[in-house]
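For reference, the chains in residue letters:
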Amino acid sequence: MVVANEEARADPVRGNADRAALGALINIAGRQRMLSHRAVMFLALSQLPGGDAGKHLDQASAALAGFAGGVRLLLDGDAGEGIPPLFSARVRELLAAEAAGQGSGVQALQSFGGRGQACLDRLRAADPACGGEVRALADLAGTVLLPLLNAIVAAFEQDLADALQSEAARVEDIRLVMAGALDDIELTATRIRLIAFNALIEAARAGDAGRAFSVIAEEIKNLGTQTRAESAKMQAAIARLFAA
């Protein structure tokens, strides 16, 4: 849970897996807000006279189970899903600050599912005294859990924005290196053609004696022309790639 192995909390390397994990965690944390309110709503509906209490309690149970599973993913991670424990440094700092300030958010995050399940069990047993606990859970979901989960979502979203910005900078560095390499190829092709033209001139001056050399010079000139053409194709392909 929150007190986890420090080595397991180490910041992950950047890459596609990081962005996928952050995207999943944003969805999970966002879903937690809905699940907590959904559980409270169905617990409350089960108490209404004349309603389908059993159906509402089943729906509350499913929401509580989903909430508990989401808490495990947020705090403990899931190797199969590619989510490390407490993946985000921002979220670790947020939870640490919450705990250090004796805030109830972390405790609420960890205890809400259990409290909700205990209340549900009492409602199934027709315990009329559980109405106060339902109201307490509603207050917990709206005034404590919701701000904390909003902050967690915002932290994950900022992490994702930073990762995308870092990736964009890395891609731009690669583009500049490739553009420089293509410029070098273009310069080399130009020099090859210039050498070939000079060789053709000298071969012409030599007359019959330079005829064989003239053929070689022509091939060198053609090679330079082909090199420039291929360079242009590569530049166009790279431009399309980086535009995408």
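Counting starts from 1 at the beginning of each chain's written sequence and moves along it residue by residue. Owing to the predicted nature of the model, reporting of local features is limited to residues with pLDDT of at least 70; listing and counting of side-chain atom pairs is limited to 80 or more, with chain, interface and lining totals taken over all residues. Hydrogens and water molecules were not included; the side-chain quantities draw on all heavy atoms of the structure.

Caption draft 1: Structural detail: the pattern of salt bridges. Here a salt bridge means any side-chain nitrogen of Lys or Arg lying within 4 Å of a carboxyl oxygen belonging to Asp or Glu. Inspection of the entire model under this criterion finds 4 salt bridges. Here D159 ties to R90 by a salt bridge, and the two come within 2.5 Å at their closest N and O atoms. Within this pair, whereas D159 is found in helix α5 (residues 131–206), its partner R90 is found in helix α3 (residues 89–100), the two being separated by 69 residues in sequence. Residue classification places R90 among the partly exposed residues on the basis of a relative accessible area of 33%. E133 is the salt-bridge partner of R115, the closest N and O atoms lying 3.1 Å from each other. One end of the pair, R115, is in helix α4 (residues 105–124); the other, E133, is in helix α5, and 18 residues separate them in sequence. The class of R115 is partly exposed, set by a relative accessible area of 33%. The helix count covers DSSP runs of H or I at least four residues long, the strand count covers runs of E at least two residues long, and both are numbered beginning at the N terminus. Buried, partly exposed and exposed residues are distinguished by accessible area as a fraction of the type maximum, computed with a 1.4 Å probe on protein chains only: under 20%, between the cut-offs, and over 50%, respectively.

Caption draft 2: Seen up close, the side chain of Q32. For Q32, the position within the fold is in helix α1 (residues 16–45). You can call Q32 buried: its relative accessible area is 1%. In contact with Q32, other than residues within four places in its own chain, are G66, F67, G70, V71, L74 and L149. Note on contacts: a residue pair is in contact if any heavy atoms of the two residues lie within 4.5 Å.

Caption draft 3: Layout of the nonpolar core. The criterion is simple. A nonpolar core is a set of buried Ala, Val, Leu, Ile, Met, Phe, Trp, Tyr and Cys residues joined through side-chain atoms within 4.5 Å. With 44 residues, the main nonpolar core has L43, L95, L109, F112, I152 and F156 as its most contacted residues. When contributions to this core are tallied by element, the ones reaching two or more residues are α1, α2 (53–76), α3, α4 and α5. Ranked by residues supplied to this core, first place goes to α5 with 12 residues.

Caption draft 4: Inspection of the packing of α2 against α4 at higher detail. Whenever a helix is involved, its axis is fitted only over the stretch in contact; in every case the axis is a line through C-alpha atoms, and angles between N-to-C directions fall within 0 to 180 degrees. Between α2 and α4, the least distance of the axes is 9 Å, while the angle of their chain directions is 160 degrees. The orientation of α2 relative to α4 falls into the category roughly antiparallel. Where α2 crosses over α4, the two elements pack in a sense that is left-handed. Of the residues in α4, those in contact with L57, D58, A60, S61, L64, F67, V71 and L75 of α2 are L109, Q110, F112, G113, G116, Q117, L120, L123 and R124. Residues of the contact of α2 with α4, tallied by class, amount to 10 nonpolar, 5 polar and 2 charged. Working definition: roughly parallel below 35 degrees, roughly antiparallel above 145 degrees, roughly perpendicular at 65 to 115 degrees, and oblique for all remaining angles. The hand of a helix crossing depends on one turn: near helix anticlockwise from the far one by less than a right angle means left-handed, and clockwise means right-handed. Only Asp, Glu, Lys and Arg are considered charged, only Ala, Val, Leu, Ile, Met, Phe, Trp, Tyr, Cys and Pro nonpolar, and every remaining residue, Gly among them, polar.

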